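# Architecture at a glance
Listed below are the residues making up each chain.
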Amino acid sequence: LPRFTGEGADALMAEAQELRRQAAEGLELRLRDGRLAAGKTVDDYRARLEFELDVIIRMKFPGYFLIVADFIGWAKRQGIPVGPGRGSGAGSVVAWALSITDLDPLRFGLLFERFLNPERVSMPDFDIDFCQDRRDEVIQYVVDKYGKDRVAQIITFGKLQARAVLRDVGRVLQIPYGQVDRLCKLVPNNPANPVTLAEAIAGEPKLQEARDAEPVVAQLLEIGLKLEGLYRHASTHAAGVVIGDRPLVELVPLYRDPRSEMLVTQFNMKWVEPAGLVKFDFLGLKTLTVLANAEELIRASGREIDLAKLELDDGATYELMSRGDTVGVFQLESTGMRESLRKLKPDRFDDIIAMVSLYRPGPMDNIDPYINRKYGLEEPDYLHPLIEPILKETYGIIIYQEQVMQIAQELSGYSLGEADLLRRAMGKKIKAEMDKQQVRFVEGAVAKGVDKYKAAYIFELVAKFAGYGFNKSHAAAYALLAYHTGYLKANFPVEFLAATMTYDMGNTDKLYLFAQEAKRRGITVAPPSINHSEPDFRPENGAIRYGLAALKNMGRGAAEHLAEERRRSGPFRTVSDFAERIDPKMVGKRGLETLVAAGAFDSVEKNRARVFANAETLMAHSGRLAEDRAAGQSSLFGGGGQSEALKLRPAPAWGHMETLTQELAAVGFYLSGHPLDEYADILSRLNVLRWVEFEAKVKSQGGAEARLACTVTSHQERKSKAGNRFAFTGFSDPTGQFEAVVFSDTLALSGDLLEPGKAVLVVVDGELDGENIKTRALAIQSLDKAMGRESAGFEVRADATLRVDDFCKLLKKDGSSLIKLRLSLGDAGREVELSLGGGFDLSPKNAGALKSLPGVLEIERL
């Protein structure tokens, strides 16, 4: 192994002395806060530190610890968020003393031997989480410190898997993209357990039909089967970095990635360590960025917070988790996890560690027994009094790999190093090794007075659990992040949601989810504003102000330009003022239209349609002024004066529906309302589910059928291989958005209703597919027709400012509603009532347009 600070025994001695010094100083700093593990003394910590240091030095790894401590220490000094730990390294007191990790291993019962075992020599491996926005700064620090020629990323090779090989071969065979895409979607997509092309063909009759029907598809599949599994391209490992003690060209072959200035090894992850290089994992974790941003927003409001010093006993946090209110909470936000939390009602940090460990295939079966034992509905079985203290925290259920090791130590006299070997053998289920270990386990237990048959039974039970036991060091570290995110959501929801939305602003579905979450908690999401919004989401008087950079066609550069101009010269006073001050190279016409559609100009001009209609004029005016500034010209009367306000041509205001349609295009979801708001009075009395209710029903039952009232948001038609039309149609209601497949028979009957903006009543069938819901539209009706709205009568009340010609233009004569117009004339309280007859369409869309007219006061059902 390379030495990092010199050569030979003297260098190792110097590294060992430096490690001892730093670790001893770090431990004393850690112990000053007085938070010792239950039943432990300061001497216990010092003894554990000395034991670990002896092992680390004997294994010749002090240089590794010093390097990791160095770049983590540098990152923390620069204010770069670093994770509390990941993987088995969190079990080391030395790592905790050096601030590599932030979990007290003795407090949580974590084992050093799970990380480094002198009886099974292997390289230490700290996986370190950094703020994803600043991870590259830490890597650059390492390059600068150890040398550009001694630091490299690790190569990876992309393989042709089932879908990828079909796409590549299809491109070469010049098969239409749409046809190849449909074939690819018939191959199951399961990244955790990829399906081979042969398995996909064998299990999917439609692939077999396509192969038998078209020779070109048969050729595609035949070639794909031969090429599948071959390397396709070179790339770099997402996190792996290696450091050498000399120029890397002397140690391994290198590769130059054209997209990066860093060297790349030609040996992949499997071979760089045998070649003598030490690997470090620099991982980017979005949650750290969110936490740091939320803390910054909280401090900006004048409140103090330090997550690193939080006690783990906040009642509001556990109440939030007990409600399953964990959307946006790290590791705890999936639907199944939230349901399990509602049943568990966690009230201690150990419960969070257990849930992070149990919520996986296999161990998941133990969630209900864990909950039942916690509340006394089942009696815990501790197997033997010797190991009851080990299993007490998990009510007799073996959840962690560390418990397997401790059981072997207490029951059979294993050293923890030997116990780690036992754990690995049990996990890999190597029969010869297992038989050998069983003899050793039983003999050791008998020597401690345990019955032989009882010892054999315990061995079999432990072996079963060890197969899917979880690394408690990793679970505890990630449970801490879960607690921190839960704490912020419970105690600082506005700042937490603002930070979360900022770091998901590229994902409209996630933004909508968090906007709904804010609404559910009574937090207003204020629309974007040229005079109040920053590029990111920001708290504002108890609300969340929408971030400009999250709007479509804007981009961060344009958003930062607007915010900077406002800080420099004050708020924008008028639309003309905005056009005069912005740089048209930063904010183009499409960006301007997006701002208008999203409501960002409402503070200076209420009529969005007027600004939208004049976008071309505004950009031309902005361009001329920018050219004048570039040429050094000023106004006729010298600098300092304001140019004359730009004349904007008039335009009729958008109705409610048009306003919402434009918002949808600009934001990605309805922000200020929903088209179905007009139907709320009827839908509340009928058996029509909301999407969120239907979603919960499907997830609890695995599948369901229901009627939903929705607006159409998108519609794309396709043709099947048999020539039948089908469609993927997007729908929205006030609680969510979803996409449903509409097959040919339903499409033929109702295709004319599936235009974006139309309100429909849909009978849908949903089934659970992993965490997602696959939805199919079985029947579609016009919502107005289904609700009997066409036969209704309405009274329109207006005052004397109503322009009757404008009113008449908006009346639609393709329905069956009766309309009465009641005009208040304003003098002596006189009113005129006019019956306009029947045959009018007063759907919510048209009613909204009428309501937007100046002079219309109210529209009521008769």
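This text gives an overview of the structure that appears in the document. (Residues numbered from 1 in each chain as written. Predicted model: local features only at pLDDT ≥ 70, side-chain atom pairs only at ≥ 80, totals over all residues. Heavy atoms only, no water.)

## Quick look at the overall build of the chain
Helix and strand content of the chain: 36 helices and 18 strands. For the chain, the share of sequence-separated contacts (at least 6 apart) that also reach a separation of at least 24 residues comes to 67%. Here the chain displays about 40,000 Å² of accessible surface, and carbon together with sulfur accounts for 51% of that area. Averaging the locations of the 112 positively and 121 negatively charged side chains of the chain gives two centres separated by 2 Å. (Helix = DSSP H or I, 4+ residues; strand = E, 2+ residues; numbered from the N terminus. Contact = heavy atoms within 4.5 Å. Areas by Shrake-Rupley, 256 points an atom, 1.4 Å probe, with all protein chains shown as cover. Lys, Arg positive; Asp, Glu negative; His and termini not counted. Charge placed at Lys NZ, Arg CZ, Asp CG, Glu CD.)

## So, helix α27 (residues 589-597)
An α-helix turns once per 3.6 residues; consequently, residues spaced three or four apart project the same way. With seven of nine residues buried, α27 lies mostly within the body of the structure. Residues of α27 that are buried: G591, L592, E593, T594, L595, V596 and A597. Looking at the packing, one finds that the buried side of α27 touches α25 (555-569), α26 (575-581), α28 (608-613), α29 (615-631) and α30 (656-667). Where α27 terminates, the next one or two residues include G599, which has phi positive at roughly 90°. (Buried < 20%, exposed > 50% of the residue type's maximum accessible area, 1.4 Å probe, protein only.)

## A word on the nonpolar core
In this structure, F349, L488, Y546 and L595 are the most contacted members of the largest nonpolar core, which totals 131 residues. Per element, the largest residue contribution to this core is eleven residues, and it comes from helix α22 (residues 472-491). Dropping the residues within four chain positions of it, Y546 is found in contact with L511, V525, A526, P527, P528, S533, E534, F537, L551, V667, F669 and L671. Counting 52 residues, the second-largest nonpolar core is a separate cluster that includes L31, I80, F280 and F282. (Core = buried A, V, L, I, M, F, W, Y, C linked by side-chain atoms within 4.5 Å.)

## Structural notes on a nonpolar patch on the surface
A cluster of nonpolar side chains, L825, V832, L834 and L836, forms an exposed patch at the surface whose accessible area comes to about 250 Å². Residue L825 is classed as partly exposed on the basis of its relative accessible area, which comes to 34%. (Patch = residues over 30% accessible without salt bridge, like charges linked within 9 Å, V, L, I, M, F, W, Y side chains within 5 Å. Salt bridge = Lys/Arg side-chain N within 4 Å of Asp/Glu carboxyl O.)

## A short note on the sheet that holds strand β5 (residues 263-265)
Spatial ordering of the open sheet is given by β1-β6-β3-β2-β5-β4, a layout of six strands whose pairing is mixed. What marks the edges here is a single partner per strand, and that holds for β1 (127-131) and β4 (254-256). Taken pair by pair, the neighbouring strands of this sheet meet at an average axis angle of 50°, ignoring direction. Here strand β2 (residues 151-159) pairs with β5 via three bridges, running parallel. (Pairing = 2+ DSSP bridges. Axes fitted to C-alpha atoms, helices over the stretch in contact; angles between N-to-C directions.)

## Some thoughts on the packing of aromatic side chains
If you walk through the whole model with that rule in mind, you get 32 aromatic pairs. Each ring, one from F330 and one from Y478, has its centre 4.9 Å from the other, and the planes form 70°; the classification is edge-to-face. Of this pair, F330 sits in the loop between α13 (315-322) and α14 (335-344) while Y478 sits in helix α22, placing them 148 residues apart in sequence. Residues F330 and Y478 agree in their burial class; the two are buried. Positioned above the aromatic ring of Y375 is the side chain of K374, whose terminal nitrogen or guanidinium carbon lies 5.7 Å from the ring centre. Cation over ring: R440 sits above Y414, and NZ or CZ is 4.3 Å from the ring centre. (Phe/Tyr/Trp six-rings, centres within 6.5 Å; stacked < 30°, edge-to-face > 60°. Lys NZ or Arg CZ within 6 Å of the ring centre and 35° of its normal.)

## Description of the sheet that holds strand β8 (residues 538-540)
If you trace the three strands from one edge of the open sheet to the other, you get β7-β9-β8, paired in mixed fashion. Two strands lie at the open edges of the sheet, namely β7 (525-526) and β8, each paired on one side alone. By the bridge criterion, two bridges tie β7 to strand β9 (residues 543-545) in an arrangement that is parallel. Its bridge partner lying in β9, A526 is registered against R545.

## Let's talk about the pattern of salt bridges
According to the stated counting rule, one finds 67 salt bridges in the structure shown. For the salt bridge of E517 with K489, the shortest nitrogen-to-oxygen distance reads 2.6 Å. Of this pair, E517 sits in helix α24 (residues 508-520) while K489 sits in helix α22, and the two are 28 residues apart along the sequence. A relative accessible area of 6% places E517 in the buried class. For K489, a relative accessible area of 0% translates into the label buried. Between K820 and E833 there is a salt bridge, with its nearest N and O atoms 4.0 Å apart. You can see K820 sitting in strand β16 (residues 818-824) and its partner E833 sitting in strand β17 (residues 831-835), a full 13 residues away along the chain.

Don't take any of this as a statement about function, it's just geometry.
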